[in-house]
Every structure is written in structure tokens, then in C-alpha cells.
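Listed below, chain by chain, are the residues.
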Amino acid sequence: MDRHGPHNLWRGAYDAGMKKTYIVIPAYNEEKKIGDVIRGLRGAGYGNIVVVDDGSMDKTARVAERAGATVLRHIINRGQGAGLKTGIEFALRECADYIVTFDADGQHSPSSIKPLLAALSNQKAEVALGSRFLTKDSNTPFVRAIFLRGGALIFRLFYGVNLTDSHNGLRALTRKAANSIDIICDDMAHASEIVEEIARDRLKYVEVPVTITYSDYSKAKGQSTLNSFRILWRMLLNKLLR
Amino acid sequence: MGFIQIFGVLFALFALSRAVIRYKNKKSTFSSMAIWLLIWLSVILVAVLPQTTSFVANLFGIGRGVDLVLYLSIILLYYLIYRLYVKMEDTKKDLTSIVRELALKGKKGE
């Protein structure tokens, strides 16, 4: 926490006005990291933290609760997209104005949230998407970068949405956007689904630089590069079946 | 008649009787019994007179009756796989909805 200074961080939450902000974190077997992630967010002034424990086999739920988050439990594992939707649904019921989606594995930094919310509060956008490629600070592995940029290119071709990053779990939505975005894919394809919904509902979107810190832990927990092909396959099916 | 033909006829007769019995016991409707009757009667026809399939195949511009049966089965199989896929997706979605409702229910009134 010290590297940012408590005053700046407090202002991060404060600047979003008196708007009610909820941080939604889908988590699956993240007992090692989830505590620090929640404490980091609380230290940064975000009080409404919702962890969706997606049927973890470890102590994710207990660790998250102890760290001060509201924990929703999926009794069986349903995938990251499903977890996100549960958390968003909860935040909407709690009358959230802004909803931030955040990763449980420690890749994201709480200081990235403030600029995302700023993009919403000055009414530039309904959806603020984090991009690791708009800043020099992300240490994205080379192969991963190629696939993510390829994904962004496919978004442009498929949906006409111009992005630099394609699968970033850090984003902020207004209440309106969260209401209109319907995540149907339970698995990792939800990121492309959100882009699809942005295009369909003509939501105003903006990309905001965020720092992604790759660690051995997050690389092991994150999706494999091969998974991109599965996501592309899901995108094609979605396009065909709807 | 070869063994496979006799076996085919006997099996078709057996299946046919099952369909009729189910209808008699009011376990199926007349239309579903009629469809099954038609299917098993045509199996008997093909088993006794295999050349009839060639006749039908020629109507479709396919040389051999066996080929026609194969083509049709592949089409049918693909369709059934598709149906199964859609059903499975629906089931998965329903399952997720239940899991989600349970998760949210536990947190009401906080």
C-alpha cells in the first residue's frame, strides 16, 4: 500500500463522487492470493467487494470473508463468466452505480481502478475496458501479447469494436451497461461476449491503460494460450447459433 | 434368405409388437405407434427385398441402396449430435442459473 500513499488511494474511491461502486471478483481456488487482493482494494478505499467463490476446493471463501469481502458461493464450479454474472447481478441488486470486474490472482493493481471509474464519471463511456498495451508497465509475455493483439484484431473484424487488448478481466461498467450486458457463456469466452454486447447495444466504450503484473502464479492460473482457439470457436458458434 | 435377413425380419417383428403393445396399454399415442409401424415395416421390406433400396436410391441419383442408407444415416447422426449439443448447452445454462440463484439467495437481506 505504501507505494501509492494512502491519500491518493482514498481519493481514488472518493473521486467517483458519492456513487456506489462495487468490485466483483470471480475466484476459483485462489486462497493464496485472494486475501491480499481484497486487502489491497480495501486499503485503496473500496469497501464493497464481492467475491464469487466458484465452487473452490480450497479455503477461498473463508479467506475472502475474513479479509472483509462479501462472499457468494457457487456450490459447484460453473466457470469465470458465470461467476462474473452472479457478482454483477448481486451488485445490481445492491443498487450499485458502478461495477468493476477484477481478477483474483493478483495480476491487477487497485490503483488502476481510479482511471477506469473516471472514464465513466465524466460520462465519456458506459464501459471502460482495461488495456495492458496502452502502458509500458505491463510485463506481458511475448507469445501472450501476440494472441491478445490477434484477438483484438478479430474483434474489429467481427464486431467493429476497436480495441488494443482482447482479454482483460479489469473493466468498469455503469449500471446501465451492466444491465444490458448479458453474459451467457459460462467459461472464459465471456470477455469476447462483453465486446459483442458492446457492439450490439451500441454502448459507449473507452480503453484505459492498466498495469498487468504477470507472476509465475498468475501465468499458471491464467488461461493457456491454446485456449484462445477454444474461445474463437465459441465466438463462431455464437455468431452462427444466434 | 441369408441369416442377416432372417434376423432383421425377426427383430423388426419383435420391435413392431412392442410398439403395438405400448399403444394397446395406452402408453403411446396412435400417431407415434403409426410412425414406428411404418419404420419397422420398411425395415422388413428392405430385409426381404434388398433391391427395393436400389430402386429408391436410383430415384435420388445414387447408385446403390446401401449408399443411400449410409448417407441418410450420416445426415441423421449429424442432426442428432447437433440436437444433443443444443440440449446440453441448455442444460448447462439451467444448471448455472440454479447455482446462481442459490448463491444469491444465501446473501439476501444483508
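Cut-offs and rules
Residues numbered from 1 in each chain as written. Chains lettered and ligands numbered in written order. Predicted model: local features only at pLDDT ≥ 70, side-chain atom pairs only at ≥ 80, totals over all residues. Heavy atoms only, no water. pLDDT = per-residue confidence, 0-100. Helix = DSSP H or I, 4+ residues; strand = E, 2+ residues; numbered from the N terminus. Contact = heavy atoms within 4.5 Å. Phe/Tyr/Trp six-rings, centres within 6.5 Å; stacked < 30°, edge-to-face > 60°. Buried < 20%, exposed > 50% of the residue type's maximum accessible area, 1.4 Å probe, protein only. Pairing = 2+ DSSP bridges. Buried area = accessible area lost by both parts, 1.4 Å probe. Salt bridge = Lys/Arg side-chain N within 4 Å of Asp/Glu carboxyl O. Core = buried A, V, L, I, M, F, W, Y, C linked by side-chain atoms within 4.5 Å. Right-handed = clockwise from strand over helix to strand, strands pointing away. Axes fitted to C-alpha atoms, helices over the stretch in contact; angles between N-to-C directions.

**Considerations on the confidence of the model for chain A**
If pLDDT is low for a region, its predicted coordinates should not be looked at in detail. Residues and elements named next belong to chain A. Across chain A, the average pLDDT comes to 82, with 86% of residues at 70 or higher. Mean pLDDT values over the elements of chain A span from 46, in helix α1 (residues 6-15), up to 96, in strand β2 (residues 48-54). Below pLDDT 50 for its whole length, residues 1-16 participates in 20 contacts with residues either more than four positions away or in separate chains.

**Digging into the packing of aromatic side chains**
Enumeration over the complete set of coordinates arrives at seven aromatic pairs over all chains. Pairing A:Phe155 with A:Tyr159 gives two aromatic rings, centres 6.1 Å apart and planes at 35 degrees, and the pair type is tilted. In this pair, A:Phe155 and A:Tyr159 are both assigned in helix α6 (residues 142-159), four residues apart and thus about one turn of the helix distant. Here the two residues A:Phe155 and A:Tyr159 agree in accessibility, since each one is buried. Note on B:Phe11 and B:Trp40: the rings are 5.7 Å apart at their centroids and 70 degrees apart in plane angle, and the pair reads as edge-to-face. In this pair, B:Phe11 sits in helix α1 (residues 3-24) while B:Trp40 sits in helix α2 (residues 30-48), placing the two residues 29 residues apart along the sequence. Take B:Phe11: its relative accessible area is 41%, and that puts it in the partly exposed class.

**Details of the pairing of strand β5 (residues 127-131) of chain A**
Residues and elements named next belong to chain A. Across the five residues of β5, five count as buried, placing the element largely inside the fold. With burial as the criterion, each face of β5 is covered, one bearing Val127, Leu129 and Ser131 and the other bearing Ala128 and Gly130. In the sheet, β5 pairs with strand β6 (residues 171-174) via three bridges, with the strands oriented antiparallel. The residue of β6 that forms the bridge with Leu129 is Arg171. Where β5 meets strand β7 (residues 205-209), five bridges bridge the pair, whose relative direction is parallel. Residue pairing across strands places Ala128 opposite Val206, the latter belonging to β7.

**Things to note about the interface of chain A and chain B**
Listed by partner, the interface residues are 21 residues for chain A and 16 residues for chain B. When the two sides are added together, the surface that chain A and chain B hide from each other amounts to roughly 1600 Å², 61% of it contributed by carbon and sulfur. The interface formed by chain A and chain B holds one salt bridge in total. Across the pair A:Arg93 and B:Glu101 runs a salt bridge, and its minimum N-O distance is 3.6 Å.

**Some points on the nonpolar core**
Residue and element names in this part refer to chain A. Ile23, Ile25, Leu41 and Val51 are the most contacted members of the largest nonpolar core, which has 35 residues in total. Mapped onto this core, the elements with two or more residues apiece are β1 (21-27), α2 (34-43), β2, α3 (60-67), β4 (98-101), α5 (113-121) and α6. A total of five residues in this core trace back to one element, the largest contributor, which is α5. With sequence-adjacent residues up to four places away left out, Leu41 is seen in contact with Ile23, Ile25, Tyr46, Ile49, Phe102, Pro110 and Ile113.

**A look at the pairing of β2(A)**
Residues and elements named next belong to chain A. Counting buried positions along β2 yields six of seven residues, so the element is predominantly enclosed. Pairing of β1 with β2 involves six bridges; the strand directions are parallel. By the bridge assignment for β2, Val24 is matched with Val50. With respect to chirality, the unit in which β1 leads through α2 into the neighbouring parallel β2 is right-handed. Bridging between β2 and strand β3 (residues 70-74) involves five bridges; their strand directions are parallel. Note on β3: the bridge partner recorded for Val51 is Val71. Considered for its hand, the β-α-β crossover made up of β2, α3 and β3 is right-handed.

**Notes on the sheet that holds β5(A)**
Residues and elements named next belong to chain A. With mixed pairing, seven strands are arranged side by side in an open sheet as β3-β2-β1-β4-β6-β5-β7. Each edge of the open sheet is held by one strand with a lone partner, namely β3 and β7. Pairs of neighbouring strands in the sheet enclose a mean axial angle of 20 degrees, with direction left out of account. Along the sheet, α3 makes contact with β1, β2 and β3, crossing β3 at roughly 165 degrees.

**Section: unusual backbone geometry**
Within the chain, A:Cys95 stands out as a residue other than glycine whose phi angle is a positive 65 degrees. The topology assignment puts A:Cys95 in the loop between α4 (80-93) and β4. Despite not being glycine, B:Lys26 shows a phi value in the positive range, around 60 degrees. With respect to the helices and strands, the residue B:Lys26 is situated in the loop between α1 and α2. For B:Lys26, a relative accessible area of 75% corresponds to the exposed category.

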